[in-house]
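Structural overview for review
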Amino acid sequence: MSIFQDANRKQIAGRRSIDVMLHMLFLLATSVGIIALSVLIIDIIIDGTARLQPELFQNFPSRKADQAGMKSAIVGSIYMLCIMAPVSFIFGVGAAIYLEEYAPKNWLTKLIQINISTLAGVPSIVYGILGLALFVRMFGMGKSLLAGSLTMALLVLPIIIVSAQEAIRAVPRSRRDASFALGATKWQTVARSVLPSSIAGILTGCILAFSRAIGETAPLVMIGALTYVAFLPDGILDSFTVMPIQIYNWLSRPQADFQELAASGIIVLLAVLLLMNISAVFIRNKYSKKI
Amino acid sequence: MPIKEQLVSINQEASPFKNKKRSLMNIFMPKFLFICALVSILTTEGIVITLTTETVSFFQKVNIGQFLTGTKWSPLIEPHQFGILPLLFGTLMITLIAILVAVPIGLASAIYLSEYAPDKVRRVVKPILEVLAGIPTIVYGYFAISIITPIIQLIFPSAGVFNALSAGIVVGIMIIPMVSSLSEDAMSAVPRSLRDGAYALGATRFEVALKIVVPAAFSGIVSSAVLAFSRAIGETMIVTLAAGSTPNLTFNPLDSIQTMTAYIVQVSLGDTPHGSLAYGSIFAVGMTLFIITFLLNLLANYIARKYREEY
C-alpha cells in the first residue's frame, strides 16, 4: 500500500512540475508580443526623437535629410480622412442598418452578407489594384486624392459594416417594440430609437476603421500616391501623399539620416493613431448609454 | 413582417395629414439603405471583373501554362519571362516562417490567457495585444529592417541586407494577436463544466488545457491558423521593405526573395505604361493572390463550422 502511495505521490509531483514548467512557458510566449512592442517603441523613440522638430511639420520632403519634413504627408492624410470618412460612414452604416432592420431573409441578403465577409478577408493590395483599374483608369480620376480616398473607403467598408451591425444588433427588441407601440413608423423607429441607442458602438467601430485607413500603405502605393510631393494638394483631383507613404519613401533610402527621419515620421503616425484610439475609448465610455 | 406593415398602413390611414413626410422617408430610406448594402456586392464584383478582364488579356500574350509552371520571373528585363513559381515560393516561404512563429506563440498565449492568467493580468495583456494588432504594417517594416535584420546578420553572417527570415519573423509577430485572440475566443467557448469534470478527476491545469480545452476548441484554433495564413500571404509592406525584390526560387531563408505582393508594389512604383506586359502581370499576380486568400478564407470558415464540437 505504501509503495503504491509513494509511486502515486511521485507521479503527482512529476505532473505538477510539468504544469509549473508549462505555465512558465506559456507566460513566456505571452510576453513575446509585449516584449516586441516595447522594443519597437523604445527603438523608435531612440532613433526618432532627435528629428522631432518643428521643421518636420513645416517642411516639404527634400533630398537633403536636414531640410526634409512631412507637411504634405500630414495634410494629405487629413484630406484623405475628410473625404473617406463621410463616404464610408454613410455607406457602411447604411448597409448595416439595411441588413439589421430592413433586409428580408432571402438569397440576396445572404449574398450581401457573404460578400461582406469575403471583402473583409481580401488583402489590402487587391483593393489597390481595384482602385487603380476602377478609379484611376476607368473613371479617369488619375492618381488623385479622390481616387485614393475612395479606394480607402472601400477598404474600410466591411470593417464599418460588421462593427455597426454588432452595435445595432445589441439594441434590444423591446426598444423597437416600444417605438412601434407608440405609433412610430419603421424609419422613425430606426432614426430615433435604434440609432441613438447604438451610436456609441457605431462611432467606436468607425474610428477604429479610420485609424486602419490612416496607417494603410499598400493600396495607396498602387493608386500612385506619390512619394515626393513638395506641395499641398490643390483640389480633390490633385496628386497627394500620406504619412505611411512618406515613411516608406524614407525607409527605402539607405542613408542613416533618412532612417532617423522615418523613425520620427513613425512617432507622428503612432501619435495620431493613439489619439484616435483614445477618442474611440472615450466615446465608448462617455456615450454608451445603459440599454 | 406582414403584421408590422399592416400596423404601419393602419397608422398611415389614421393620421393622413402627418404622414406625408413620414411616408416619404419610409419609402425613400429603405431604398437608399439597400443601395448602400449593394455597394459591398459591387465592390466584390468590381474586384473579380477588373482582375479577370486584365488577367484574360494578359494570358492572350503570355501562355498560362508557362505562367503557372515557369521557374523564371523577369517581367521588366529582356527576355521577358513570366513564371510565377519564384514569387509563389517566396510568398510561401515568408508565410511558413510567419506561421512557425505565430501559431506556437499565439496558441501558447491563448492557453495562458484563457486557462492560467488571473483576471488582472488578462485585463492588462489583452489591450496590449490589441495595440499590437493595430500597428500599421509600415511600422512593422521598420521593425524588421532596424532590429530583426541586424540580429539575424549577427547570428548568420551570410545573411543579406534583405532576407526572407527577417520579414517572415516580423510577419509572424504581426499575426500573433490574431491567432491568440481567435484561439482564445474558441477556448472560452468551451463550457466550464468540462474543465470542472477534469479537475475533479485530479487533472492539473496543463492537462486540462491540453487534453480537454484544446481538443474541444480545435476547430476554432485551426481556423484561426488558416486565417492567419491567409493574412500573412496578403501582407505587403513588411515583405517589400525587408525581404527584397529578387524573385529567387530558393529554399534558403537567408536569401533575398520577392513575394507576389512585393512584386505588385515594385511595378506600381515604377512608371509602367498602361497596357504593357508588366502592367498586365500585376493583375495576373493579383488574381493569383486573390484566389489563394479567398480559398483559404473559405477553408477557415468551413473548418470552423464543420468540425465545431457542440455542447
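Given the structure is predicted, the values throughout are model-derived calculations rather than measurements.

Residue and element names in this part refer to chain B. The end-to-end C-alpha distance of helix 7 (residues 164–188) is 35 Å, a good match for the 36 Å that 25 residues give at a rise of 1.5 Å each. Considering bend angle alone, the principal kink of helix 7 is centred on I175 and spans about 40 degrees; proline P177 follows within four residues of it. Counting buried positions over the 25 residues of helix 7 gives 22, a clear majority of the element.

Attention now goes to the interface of chain B and chain A. Between chain B and chain A, the residue contacts involve 72 residues of the former and 72 residues of the latter. Top contributing element to the side of chain B that touches chain A by residue count: helix 2 (residues 19–61) of chain B, with 20 residues. Of the residues in the side of chain B that touches chain A, the class split is 46 nonpolar, 22 polar and 4 charged.

Attention shifts here to helix 5 (residues 124–138) of chain A. All names here are of chain A. Between its first and last C-alpha atoms helix 5 spans 20 Å; for 15 residues at 1.5 Å apiece the expected length is 21 Å, and the two agree. At G131, helix 5 shows its largest kink, close to 30 degrees. The buried count for helix 5 comes to 13 of 15 residues, which makes it a mostly enclosed element. G140 sits one or two residues past helix 5 and shows a positive phi near 65 degrees.

Quick look at the domain arrangement of chain A now. Residues and elements named next belong to chain A. By the assigned domains, chain A splits into domain 1 (2–51) and domain 2 (55–287). On a C-alpha basis, the centres of domain 1 and domain 2 stand 38 Å from each other. The partner domain 2 presents 8 residues to the 5 residues of domain 1 that form the contact. In terms of residue class, the side of domain 1 that touches domain 2 is made up of 2 nonpolar, 1 polar and 2 charged.

Right, let's talk about the environment of A189(B) for a bit. Structurally, the position occupied by A189(B) is in the loop between helix 7 and helix 8 (192–200). Distance from A189(B) to F58(B), taken between C-alpha atoms, is 48 Å for residues 131 residues apart in sequence.

Once that is clear, we can look at the packing of helix 5 (residues 119–134) of chain B against helix 7 of chain B. Residues and elements named next belong to chain B. Axis separation between helix 5 and helix 7 bottoms out at 8 Å; the angle between their running directions is 135 degrees. Taken together, the axes of helix 5 and helix 7 are oblique relative to one another. Viewed along their axes, helix 5 and helix 7 form a crossing whose handedness is left-handed. Between helix 5 and helix 7, the contacting residues are L129, E130, L132 and A133 on the first element and P177, M178, S180 and S181 on the second. Tallied by class, residues from the contact of helix 5 with helix 7 come to 5 nonpolar, 2 polar and 1 charged.

Thresholds, definitions, all that
- Residues numbered from 1 in each chain as written.
- Chains lettered and ligands numbered in written order.
- Predicted model: local features only at pLDDT ≥ 70, side-chain atom pairs only at ≥ 80, totals over all residues.
- Helix = DSSP H or I, 4+ residues; strand = E, 2+ residues; numbered from the N terminus.
- Expected span 1.5 Å × (residues − 1).
- Bend = angle between axes of the 7 residues up to and from the residue.
- Buried ≥ 20, exposed ≤ 12 C-beta atoms within 10 Å, placed from the backbone.
- Contact = placed C-beta atoms within 7 Å.
- Nonpolar A, V, L, I, M, F, W, Y, C, P; charged D, E, K, R; others polar.
- Domains from an automatic or database assignment.
- Axes fitted to C-alpha atoms, helices over the stretch in contact; angles between N-to-C directions.
- Parallel < 35°, antiparallel > 145°, perpendicular 65-115°, else oblique.
- Left-handed = near helix turned anticlockwise from the far one by under 90°.

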